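# Secondary and tertiary structure notes
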Amino acid sequence: QDIVCSINIQHNCIDSQCTDTTQQPIYQEWIVMSRSRPIIQHKPTPHYLLNVYSVHNYDYIHLITPDTLRETPLRVTNVAKV
């Protein structure tokens, strides 16, 4: 079979309740900076995000997406919490 399109899905950390477990120092060249970045511990989950509204392959994606994945779009109600 031919590949007709590709998609990009993102792990849904909000619904999966993933947490940042530690901080990793940021390096510039070989020097440790005073800043750090969070390391996220992702939980195994079947929850993913697929933004079909911005994809030019929408028709193909719609054909293979099960009805259960088309129920409710993600709406972030508390942006500050994210």
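## Topic: the overall build of the chain
- Along the chain, the regular secondary structure elements total two helices and four strands.
- Start at the N end of the chain and walk to the C end: the helices and strands fall as β-α-β-β-β-α.
- Here the chain, with 82 residues, has 10% of them falling under the buried criterion.
- When contacts within the chain are restricted to residue pairs at least 6 apart in sequence, long-range pairs at least 24 apart make up 46% of them.
- With the model as given, the accessible surface of the chain reaches about 7,800 Å², and the carbon-plus-sulfur share is 53%.

## Observations regarding the state of the cysteines
- Enumeration according to the criterion identifies zero disulfides in this entry.
- Of all cysteine sulfurs, the one in C18 lies closest to C13, which takes part in no disulfide; the gap is 3.9 Å.
- A relative accessible area of 16% places C18 in the buried class.

## Looking at a nonpolar patch on the surface
- A grouping of V4, Y60, L63 and I64 is seen on the molecular surface, where their side chains present a nonpolar patch of about 470 Å² in accessible area.
- Counting through the fold element by element, I64 comes out in helix 2 (residues 58–64).
- A relative accessible area of 66% means that I64 is categorised as exposed.

## Observations concerning the pairing of strand 3 (residues 31–41)
- Where strand 2 (residues 19–28) and strand 3 come together, eight bridges link them in antiparallel fashion. Bridging from a neighbouring strand, D20 pairs with I40 of strand 3.
- Between strand 2 and strand 3, which pair antiparallel in sequence order, lie two residues; one of them, E29, sits at a positive phi of approximately 60 degrees.

## Observations concerning the side chain of T45
- The residue T45 is located in the loop between strand 3 and strand 4 (48–49) in this model.
- Only 3.1 Å separates the side chain of T45 from the backbone nitrogen of H47, close enough to count as a polar contact.
- Beyond its immediate stretch of four places on either side in the chain, T45 contacts H11 and S16.

## Comments concerning the environment of I26
- Here I26 is to be found in strand 2.
- Residues I26 and R37, spaced eleven residues apart in sequence, show a C-alpha to C-alpha distance of 6.8 Å.

Cut-offs applied
- Residues numbered from 1 in each chain as written.
- Predicted model: local features only at pLDDT ≥ 70, side-chain atom pairs only at ≥ 80, totals over all residues.
- Heavy atoms only, no water.
- Helix = DSSP H or I, 4+ residues; strand = E, 2+ residues; numbered from the N terminus.
- Buried < 20%, exposed > 50% of the residue type's maximum accessible area, 1.4 Å probe, protein only.
- Contact = heavy atoms within 4.5 Å.
- Areas by Shrake-Rupley, 256 points an atom, 1.4 Å probe, with all protein chains shown as cover.
- Disulfide = S-S within 2.5 Å.
- Patch = residues over 30% accessible without salt bridge, like charges linked within 9 Å, V, L, I, M, F, W, Y side chains within 5 Å.
- Salt bridge = Lys/Arg side-chain N within 4 Å of Asp/Glu carboxyl O.
- Pairing = 2+ DSSP bridges.
- Polar contact = N/O pair within 3.5 Å; in protein donor to acceptor, adjacent residues only side chain to side chain.

Everything listed is a geometric property; what it means functionally is a separate question.
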